[in-house]
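Tertiary structure, described
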Amino acid sequence: MSTSRSRPKKTDRIIYRRPLSLVDRPTHFCPGCGHGTAHKLIAEVLDTLKIREKTIGVAPVGCAVMAYYYLNCDISEAAHGRTPAVATGIKRCLPDRIVFSYQGDGDLAAIGMAETIHAANRGENITVVFVNNSVYGMTGGQMAPTTLNGQKTATSPCGRDSRSMGTPIRICELLNTLDSPWHIERVALDGPAGIRKARKALLTAFKGQMEGKGYSLIEILSPCPIHMRLTPRDAVRFIKEGMIPAFPLGVFRKEGKPVT
Amino acid sequence: MHNRVLMNGNDAIGEGAIRAGCHAYFGYPITPQNELTSYMAKHMPEHGRVFIQAESEVAAINMVFGAVVTGKRAMTSSSSPGISLKQEGLSYLAAAELPAVVVNVQRGGPGLGNIAPSQADYFQATKGGGHGDYHLIVLAPNSVQEMHDFTIDAFALADRYRNPVMILTDGRLGQMMEPLVLYKGAPPKSPPKPWSLTGARNRKPNHIRSLLLEVDALEERNLILQAKYKTILAELVGFDEYLTQDAQVLAIAYGSSARIAKGAVDQARAKGIKAGLLRPITLWPFPRARIRQLAAKVKGILVVEMSAGQMLEDVQLAVGERSPIAFEGRMGGAVPEESDVLTALQHLNKPTRKGARS
Ligand SMILES: Cc1ncc(C[n+]2csc(CCOP(=O)(O)OP(=O)(O)O)c2C)c(N)n1
Ligand code: SF4
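My aim in this report is to walk through the structure given alongside it, one point at a time. Fair warning: this is a prediction, and the values are worked out from it, not measured in the lab.

Attention shifts here to the site of ligand 1. The environment of ligand 1 is made up of 17 residues, and the closest members are His35(A), Cys63(A), Asp105(A), Asp107(A) and Gly137(A). Ligand 1 sits at the junction of chains A and B, each of which supplies nearby residues. One of the side-chain nitrogen or oxygen atoms of Asp105(A) is found 2.4 Å away from an oxygen atom of ligand 1. Here Met138(A) contributes a backbone N or O atom positioned 2.9 Å from an oxygen atom of ligand 1. Contact with the protein chains covers 76% of the free accessible surface of ligand 1, which is 580 Å². Taken together, the elements giving at least two residues each to the shell around ligand 1 come down to helix H4 (105-111) and strand E5 (135-136) of chain A.

See below:
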């Protein structure tokens, strides 16, 4: 196949194209960042379910604040951590629309923990996309609630010390103690298989919302090479070898019941 | 419901909101505004509207944010400590030019303070409160009837100017019962809201944002806000005057304090003192021009507040050197006595009064 040819020939088979829900523009994310992949997966799911025109997203304060640059749907910013409260207000006023919040670990598990737990506990019929990259990306790699024990960050320069800084908070397990959530799942962007699983999890969550099933949260273990202080390739290895042991993958809650 | 009813001020606000077409209410318990949250819990669902008892005032104001980005009318209410928690949300609402109604049934502060009525949140309400250059429109009712009527106005103004509106009242007005004529009209007309988030069907996606990383863009945004505030200053100033025509001493007070000041003005008149009352109805925009006019005619001005003297500073700015200004105020939930206000008016009326606070 000639590389200079731009038009596909009749006999070519298109195996991948940019989802319509994704805007065609260069990314501002750092090389190897997981946010771009997570955005693309959401866009694919909106396309698959044909819900782009009825979807309203809520962007966090964090590296993904400019989600509206990339996702071709209505989007509101929210104050740091208040993302699920804003999503709640939207969904209660427009119950027939699809509403999702997109949040980092600082936004969701630190400053916004109260909003996170209570939106889940009310069983809001929304989808929460939780990007856990083990650090605060936007502000320069500070310690997050999900930073691993011993992990060095800007605010744990000698490594996270569990005796004074606590240990990584496992959000899926925490929310699974509640009665109301419908679907809770943890996936990892640790390679093609993981990415496919992540897409499937998001599909389940958005589809459930369309059917009025209730609250879903998909936690995505995601690379932040810059602040993990690793190359993109090693960041993926860090997810496999460091994060997954601390944050086990899997479906924690299915059809409103804990998975045992 | 009969058209003329006996209600407390908190309920009167709730019923006003419902009649104004408020689609969603989000609240968190705090005295002395609890009647309002309970009223909404009972009556919003009856009208097919949204009620949520939020996990905090922070969550409540952000639920309001979410509700109003859809173009629906929404409200939250609280009292002083809870209103402090809402300041971040108010800044975001103002920044994104979103119409919302927020009620502050003030209580004694600072800190946890007490649950007695107060007017010590004036600075917070009228000067911004949260971060950044912004203003709320602030309405100050002084009767149960006005609690009701101003709530309807608040929704109309919020929509007209795409700006958060605060009803600044206090525990006394919130909990007192008075006869009230309920609003019978249709909800104020809602302007088209092409900016709202409803799903990008047959149009480009809409975005609600306040992040503008480029300095030029953010300054431009600020200039737009300031131009709007200028329009509001020109169009919206509201006040009420009582016996000011020939007044030689002028009381200035709002809300509960204005009721007390009015009683003192009546007593002063009975003693032959030409006293009058100016009652600001909009605290922002503040009736500065009218106060300046009156200041040129009177011997002295008395500001009455349930605070250490907050509106006093706006009066001082308006009056300058045109008239001496005295202050009568109580703090910590205490209410000025009518007799003390009368004495202060009598003092101001003395021809050679010196040492007035100006
Ligand atoms: C109230 C408030 N506090 C702090 C900040 C500063 N801030 C911006 S982003 C952020 C954390 C972002 O980390 P995370 O949520 O993990 O998202 P990431 O950038 O890693 O995707 C913080 C603390 C803010 N904008 N607002
Ligand atoms: S700092 Fe981290 S999370 Fe933010 S864009 Fe860069 S890689 Fe992504």
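Glancing now at the sheet that holds strand E11 (residues 249-252) of chain B. Residues and elements named next belong to chain B. The 5 strands lie next to each other as E10-E12-E11-E14-E15, forming an open sheet whose pairing is mixed. Sheet topology places strand E10 (239-242) and strand E15 (325-329) at the edges, where each strand pairs with a single neighbour. Between one strand axis and the next, the sheet turns through 20° on average, direction left out of account. Its contacts with the sheet place helix H10 (residues 255-270) against E10, E11, strand E12 (275-280) and strand E14 (300-305), and it is angled at close to 165° to E12.

On to the site of ligand 2, then. In the vicinity of ligand 2, the contacting residues are Phe29(A), Cys30(A), Cys33(A), His35(A), Cys63(A), Asn133(A), Gly137(A), Cys224(A), Pro225(A) and His227(A). Classifying every residue of the shell around ligand 2 by side-chain character gives 6 nonpolar, 4 polar and no charged.

Residue and element names in this part refer to chain A. Across the interface, helix H1 (residues 34-49) lies against helix H8 (residues 192-210) with an axial gap of 9 Å and an inter-helix angle of 45°. Taken together, the axis directions place H1 and H8 in an arrangement best described as oblique. Judged by the twist between their axes, the crossing of H1 over H8 is right-handed. When H1 is examined against H8, the residues Thr-37, Leu-41, Ile-42, Glu-44, Val-45, Leu-46, Thr-48 and Leu-49 are found in contact with a partner set consisting of Ile-195, Ala-198, Arg-199, Leu-202, Leu-203, Phe-206, Lys-207 and Met-210.

Before going further, it helps to spend a moment on the sheet that holds strand E10 (residues 257-258) of chain A. Strand order in the open sheet made by the 9 strands is E10(A)-E9(A)-E7(A)-E8(A)-E4(A)-E3(A)-E1(A)-E2(A)-E9(B), with mixed pairing throughout. Edge positions in the sheet fall to E10 of chain A together with strand E9 (207-208) of chain B, since each of these pairs with one other strand and no more. H1(A) contacts strand E1 (55-59), strand E3 (98-104), strand E4 (127-132) and strand E8 (216-221) of chain A of the sheet and is inclined by roughly 170° relative to E3(A). Running over the sheet, helix H10 (residues 232-246) of chain A touches E4, strand E7 (183-188) and E8 of chain A and is turned about 135° from E8(A).

This part takes up the interface of chain B and chain A. Across the contact, 37 residues belong to chain B and 33 residues belong to chain A. Summed over both partners, the interface of chain B with chain A buries about 2,700 Å², with 59% contributed by carbon and sulfur atoms. Of the charged contacts, one joins Asp74(A) and Arg203(B) as a salt bridge, the two residues approaching to 2.6 Å between their closest N and O atoms. Where chain B touches chain A, the interface holds 14 residue pairs in polar contact (both at pLDDT 80 or more). Mapped by element, the contributors of at least two residues to the side of chain B that touches chain A are strand E2 (24-27), strand E3 (50-53), helix H3 (57-69), helix H5 (87-95) and E9 of chain B. Among the elements that make up the side of chain B that touches chain A, the one with the highest residue count is H3(B) (8 residues). Across the side of chain B that touches chain A, the residue classes break down as 18 nonpolar, 12 polar and 7 charged. Bridge analysis of strand E2 (residues 74-77) of chain A against E9(B) gives 2 bridges, and the strand direction is parallel. When the sheet's bridge partners are listed, Ile75(A) is paired in E9(B) with His207(B).

Taken as a whole and judged by the stated rule, the model has 0 disulfides over all chains. Left unpaired, Cys22(B) is separated from the closest cysteine sulfur, that of Cys93(A), by 8.9 Å. Overall, the relative accessible area of 0% leaves Cys22(B) in the buried class.

Under the criterion given, the structure shown has 29 salt bridges over all chains. The salt bridge involving Lys228(B) is made with Glu97(B); its shortest N-O contact spans 2.8 Å. Of the two residues, Lys228(B) is situated in helix H9 (residues 215-235) and Glu97(B) in the loop between H5 and strand E5 (101-106); the sequence distance between them amounts to 131 residues. Lys193(B) is the salt-bridge partner of Asp159(B), the closest N and O atoms lying 2.8 Å from each other. Here Asp159(B) is found in helix H7 (residues 144-161), whereas its partner Lys193(B) is found in the loop between strand E8 (177-181) and E9, with 34 residues between them in sequence. Here the two residues Asp159(B) and Lys193(B) agree in accessibility, since each one is buried. Several salt bridges share partner residues, and in doing so they unite Arg92(A), Arg122(A), Glu124(A) and Glu55(B) into one network.

Quick notes on the rules
Residues numbered from 1 in each chain as written. Chains lettered and ligands numbered in written order. Predicted model: local features only at pLDDT ≥ 70, side-chain atom pairs only at ≥ 80, totals over all residues. Heavy atoms only, no water. Near = heavy atom within 4 Å. Polar contact = N/O pair within 3.5 Å; in protein donor to acceptor, adjacent residues only side chain to side chain. Areas by Shrake-Rupley, 256 points an atom, 1.4 Å probe, with all protein chains shown as cover. Helix = DSSP H or I, 4+ residues; strand = E, 2+ residues; numbered from the N terminus. Pairing = 2+ DSSP bridges. Axes fitted to C-alpha atoms, helices over the stretch in contact; angles between N-to-C directions. Contact = heavy atoms within 4.5 Å. Nonpolar A, V, L, I, M, F, W, Y, C, P; charged D, E, K, R; others polar. Parallel < 35°, antiparallel > 145°, perpendicular 65-115°, else oblique. Left-handed = near helix turned anticlockwise from the far one by under 90°. Buried area = accessible area lost by both parts, 1.4 Å probe. Salt bridge = Lys/Arg side-chain N within 4 Å of Asp/Glu carboxyl O. Disulfide = S-S within 2.5 Å. Buried < 20%, exposed > 50% of the residue type's maximum accessible area, 1.4 Å probe, protein only.

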